[in-house]
Amino acid sequence: MRASPRPVQIRPRQQQPELEREFLRSPALGYETPEEAGLVRCLAHGFPTPLARWHFHDEYELHLITATSGKAFIGDWIGPFEPGHLVLCGPRLPHNWISLDTGDNRVDERDLVIQFLHEPLQCAGESIPELSDVMQLLSRARYGVEFFGVSERAREHWDRIKASRGIRRFGHFCELMADLAQCPDYRLLSTVQMQGDGGAEQDQIGLIVDRITTHVEDPISMSDLAAELGMTESRFSRFFRRSTGNSFTDFVNRVRINSACHLLMQTYHYVTDICYQLGFTN
C-alpha cells in the first residue's frame, strides 16, 4: 500500500530585504555583545537559522561559507556557493545564502561572519595613508566582492580575531583587511548599488528604490516618478542611472527577477502565480 504524501509546507514569502536592527542581535543567536566586540564583531552560525534570510544592515559583512552548497543572493547577483565561498558585502547591500543540499538535517557551522562599520575606518583613513588600499577595497564592497584562493587564510584570520579582544583584535582585523585588499583574484557581483555621498538627491533616490522594492508588484511609471520630482524623463533617467548604476527599466526588472528567484526557492507557489505577483504581465 502506497504511503500518503506529506502535506506541502508553504514557507513565508519575503519579497523585499529586511533591515537588521541592533536590538535583534541577541547573544542567543551567536552575536557578541557590543562590549565584547568593539569595532569588529564576529559571528558563527549553522543552517537552518533565523539569521539566514534576505536582509541588509548598516555594517560591512565579510562572509565565509564553511559547509554546504546552494544559491547566494548578493544585491541583484544570484549564483552558486560551496565551502570556501568568501564575500565582502558593503553597507545596506541585501544578501542571503540558501543551502540546497542539507535536506532535513541541521548543520552546526555553515557561516563565519565579521561585521564592522564604515565611519571609524573612514575617519582613520583620512589621516593614516597606510589605509588607502583598504579604503579602495571598501569602495568595491558596495557591489559585493567575491575573493578566490584566500578562504583558508581568511579562516585563520577569523579564528585569531574571535579569540582576541581590544587592540589585539583590531590588529588581527587589519591583517585580514590587508590580505583582502591585496588579493588579485576577485570579482564584483552586484550591479545594484548606491553611489551617492548623501544629501537631498541621495534621499530622493533612496525613497524611489524603497518604493520599487517594497511595492514590486505595482505598475511603476518612470514618467510619474519624474513628474513627482519635477524632472523631465530624460533628466530623471540620467539621475537614476548615476545614482544606482542601472537604467530605470533594468533596475525594476532585476528587483522583480530577484524576488521571483526567492519565491521559487522558498515557497511552493506556481511559476505563473509568482509572475503576476511581481508585476510581470506574461
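What you see is a predicted model, and the numbers here were worked out from it, not measured in a lab.

Colleague: Could you give an account of the packing of aromatic side chains, with specific residues and numbers?
Modeller: Under the criterion given, the structure shown has 9 aromatic pairs. Ring geometry for Phe116 and Phe173: centres 5.0 Å apart, planes at 65°, overall edge-to-face. Pair noted here: Phe116 is in strand E9 (residues 107-116) and Phe173 is in helix H5 (residues 166-181), with a separation of 57 residues, a long-range link. The residues Phe116 and Phe173 share a single accessibility class, namely buried. Connected via pairs of aromatic rings, a cluster forms that spans Phe236, Phe239, Phe240, Phe248 and Phe251.

Colleague: Go over the nonpolar core with me, naming the residues and quoting the values.
Modeller: Of all hydrophobic cores here, the largest spans 28 residues; its most connected members are Ile114, Phe116, Phe147 and Leu180. Listed by contribution, the elements that provide at least two residues to this core are strand E4 (60-65), strand E7 (86-89), E9, helix H3 (132-140), strand E10 (145-147), helix H4 (151-163) and H5. In terms of residue count, H5 provides more of this core than any other element does, 5 residues in total. Ignoring anything within four residues of it in the chain, the contact list for Phe147 reads Leu62, Leu86, Leu88, Leu137, Leu180, Cys183, Asp185 and Tyr186. Membership of the second largest hydrophobic core comes to 19 residues, among which are Ile205, Val209, Val255 and Ala260.

Colleague: Could you give me a rundown of the confidence of the model for the protein, with the residues and numbers involved?
Modeller: When pLDDT is averaged along the protein, the result is 85; 89% of the residues meet or exceed 70. When pLDDT is averaged over each element of the protein, E7 comes out on top at 98 and helix H6 (residues 200-214) at the bottom at 69. Contacts from residues 194-198, a stretch scored under 50 in pLDDT, to residues over four places away or in other chains number 13 contacts.

Colleague: Which residues make up the packing of H3 against H5, and what values do they have?
Modeller: One can describe the packing of H3 onto H5 by two numbers: an axis separation of 9 Å at closest approach and a directional angle of 70°. It follows from the interaxial angle that H3 and H5 lie roughly perpendicular. In the crossing of H3 with H5, the sense of the turn from one axis to the other is left-handed. Within the contact between the two elements, H3 uses Asp133, Val134, Leu137, Leu138 and Arg140 and H5 uses Met177, Leu180 and Ala181. Across the contact of H3 with H5, the residue classes break down as 6 nonpolar, no polar and 2 charged.

Colleague: Please give an account of the pairing of strand E6 (residues 77-81) that cites residues and values.
Modeller: Judged from the 5 bridges that link them, strand E5 (residues 70-74) and E6 form a sheet pairing that is antiparallel. The residue of E6 that forms the bridge with Ala72 is Gly79. Here E5 folds back onto E6, and the loop between the two strands holds 2 residues, one of which, Gly75, carries a positive phi near 60°.

Colleague: Describe the side chain of Gln115, naming the residues involved and giving the relevant values.
Modeller: With respect to the element layout, Gln115 can be found in strand E9. The class for Gln115 is buried, based on a relative accessible area of 3%. In this structure the side chain of Gln115 is engaged in a polar contact, spanning 2.8 Å, whose partner is the side chain of Glu61. Those residues in contact with Gln115 that lie beyond four places of it in its chain are Glu20, Arg25, Tyr31, Leu39, Val40, Arg41, His57, Glu59, Tyr60 and Glu61.

Analysis parameters
- Residues numbered from 1 in each chain as written.
- Predicted model: local features only at pLDDT ≥ 70, side-chain atom pairs only at ≥ 80, totals over all residues.
- Heavy atoms only, no water.
- Phe/Tyr/Trp six-rings, centres within 6.5 Å; stacked < 30°, edge-to-face > 60°.
- Helix = DSSP H or I, 4+ residues; strand = E, 2+ residues; numbered from the N terminus.
- Buried < 20%, exposed > 50% of the residue type's maximum accessible area, 1.4 Å probe, protein only.
- Core = buried A, V, L, I, M, F, W, Y, C linked by side-chain atoms within 4.5 Å.
- Contact = heavy atoms within 4.5 Å.
- pLDDT = per-residue confidence, 0-100.
- Axes fitted to C-alpha atoms, helices over the stretch in contact; angles between N-to-C directions.
- Parallel < 35°, antiparallel > 145°, perpendicular 65-115°, else oblique.
- Left-handed = near helix turned anticlockwise from the far one by under 90°.
- Nonpolar A, V, L, I, M, F, W, Y, C, P; charged D, E, K, R; others polar.
- Pairing = 2+ DSSP bridges.
- Polar contact = N/O pair within 3.5 Å; in protein donor to acceptor, adjacent residues only side chain to side chain.

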